[in-house]
Amino acid sequence: METCEDTLEDDLARYLDSLGREDSYRVDAVLKEGPLEVTERVFFVGRSGAELGPFVRKYLSAESGLGGAYEALLAAQRRGVSLPHLPRIVECYRHDDKNVVVMECVRGETLSERVRSAQTPGGRLDLLACVFPDLCDAVSELHERLDPPIIHRDLKPENVMVSGSGVTLIDLGIARSFREDGERDTTHFGTRAYAPPEQFGFGQTDARSDVYALGMLLFFCVTGLEPAARDRERGFAGAGVPDPLRLVIVRATQLDPAARYATVRELRDALVFALGDVTRGRGGDSPAEEPPSFEPERPSPGTLLARVPRWVGAIWNLAVLSLCGLCIVGCVMGFVQPTPENAKWPVWYRFFSYLVFLMPALVIAGYLMLDRRPLRREIPALARLTVRQETRAGLLAILGLLVLWVLASLVAQV
């Protein structure tokens, strides 16, 4: 049985250990200072006097419940969970009434700086296409690779670092783990321009709360302006947002969480399709100086597809693949065991008809019928293509095969 003396000894050991850790770092600069958080740039000083760094050290108010996400992140990284869009945590410990976390110092520019430097609408759209899908992947790591999921709750331009290696999310001070049985958050923080209403006492935050913040970030990336309440109230119209992107923003920032995209992945899919519509409106891949005009309230194909639940798409894909499999087996059997009528044709012609023309044509048609959202997430090259571009290429390929088959048929009849 643990005695009071044992407890005091443990507390003293932890306190002395924290003092030793504190003395191991040299403070180079104070980056942020407030009543609940102090952020420093520090260097680790070894016994020989050699220094490693820089690192970022945060002191977070333990009483306010801040910093718990860093401990979960450290535990996941030690288990080998791949989290490439999040900073590497060096250590977490308790010092006095503060939770302390030491992590890598992320290089690069903030998203705010990148957007400000893109001075034209075309430049901001190009930046959006390059950075935002990666940002969605970064937030998805918190939601999908950690158990329980972690909700960032403070997604804003200053907390997104952009470099040549991609996007890194920083400042998880107010992030929290999602609880299935939770009704509302115990603490209410966040940047008002980007935080959803449930973050200020109207319910528990979940993945859809980060979807809301990403929708507001999307508006900022397109316009270079911080979103205001009046922008959301008028459906983000009149701010120079291309209509396909505006529709994505409107759905992502609904006040009712149930009306938003259910996951960040769904938001990413809708964004990729909408960007394809915008690219076509701009007349190709070249940047435009002014955003194009669109008919109001005309839903884009990408937005409509993104509303289809993933499980419906999975069932549909299973049915399409099963049908294609049966057709492929039929093509092989048609060549190997032809009917008496088909057996009269030359072997080369049967081979060409079934295996060179019909089978590839069926495979291409089956691919065009699939719900290709899972493929677009895994294959970046596909994510850059629009549905119309893929359909046009597929139909042209089928037409080319048909022309070759007609020519082969003419030769076989000679």
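The structure this text deals with has already been given above.
Residues numbered from 1 in each chain as written. Predicted model: local features only at pLDDT ≥ 70, side-chain atom pairs only at ≥ 80, totals over all residues. Heavy atoms only, no water.

The next thing to look at is the overall build of the protein chain. Helix and strand counts for the protein chain stand at 14 helices and 10 strands. Within the protein chain, residue pairs in contact and separated by at least 24 positions form 61% of the contacts whose partners lie at least 6 positions apart. Accessible area for the protein chain stands at about 21,300 Å²; split by element, carbon and sulfur atoms hold 59% of it. (Helix = DSSP H or I, 4+ residues; strand = E, 2+ residues; numbered from the N terminus. Contact = heavy atoms within 4.5 Å. Areas by Shrake-Rupley, 256 points an atom, 1.4 Å probe, with all protein chains shown as cover.)

What follows covers the sheet that holds strand E1 (residues 25-33). Here we have five strands laid out as an open sheet, ordered E1-E2-E3-E5-E4, and antiparallel in their pairing. Edge positions in the sheet fall to E1 and strand E4 (89-95), since each of these pairs with one other strand and no more. When strand polarity is set aside, the average angle formed by the axes of neighbouring strands in this sheet is 25 degrees. Taken together, the six bridges between E4 and strand E5 (residues 98-104) define a ladder with antiparallel strand orientation. Each bridged residue has a counterpart across the sheet, and for His95 the counterpart in E5 is Lys98. (Pairing = 2+ DSSP bridges. Axes fitted to C-alpha atoms, helices over the stretch in contact; angles between N-to-C directions.)

The next subject is the environment of Asp147. Checked against the element boundaries, Asp147 lands in the loop between helix H4 (121-144) and strand E7 (150-151). Asp147 gets classed as exposed once you look at its relative accessible area, which sits at 74%. Taking the C-alpha atoms as reference, Asp147 lies 8.8 Å from Ala72; in sequence the two are 75 residues apart. (Buried < 20%, exposed > 50% of the residue type's maximum accessible area, 1.4 Å probe, protein only.)

The interhelical angle for the contact between H4 and helix H5 (residues 207-223), taken along N-to-C directions, is 165 degrees, at an axis separation of 10 Å. By the angle between their directions, the pair H4 and H5 is classed as roughly antiparallel. Seen along the crossing, H4 lies across H5 with a hand that is right-handed. Across the interface between the two elements, Arg124, Leu125, Leu128, Phe132, Leu135, Val139 and His143 of H4 pack against Ala207, Asp210, Leu214, Leu217, Leu218, Cys221, Val222 and Thr223 of H5. Here the residues of the contact of H4 with H5 are counted per class, giving 11 nonpolar, two polar and two charged. (Parallel < 35°, antiparallel > 145°, perpendicular 65-115°, else oblique. Left-handed = near helix turned anticlockwise from the far one by under 90°. Nonpolar A, V, L, I, M, F, W, Y, C, P; charged D, E, K, R; others polar.)

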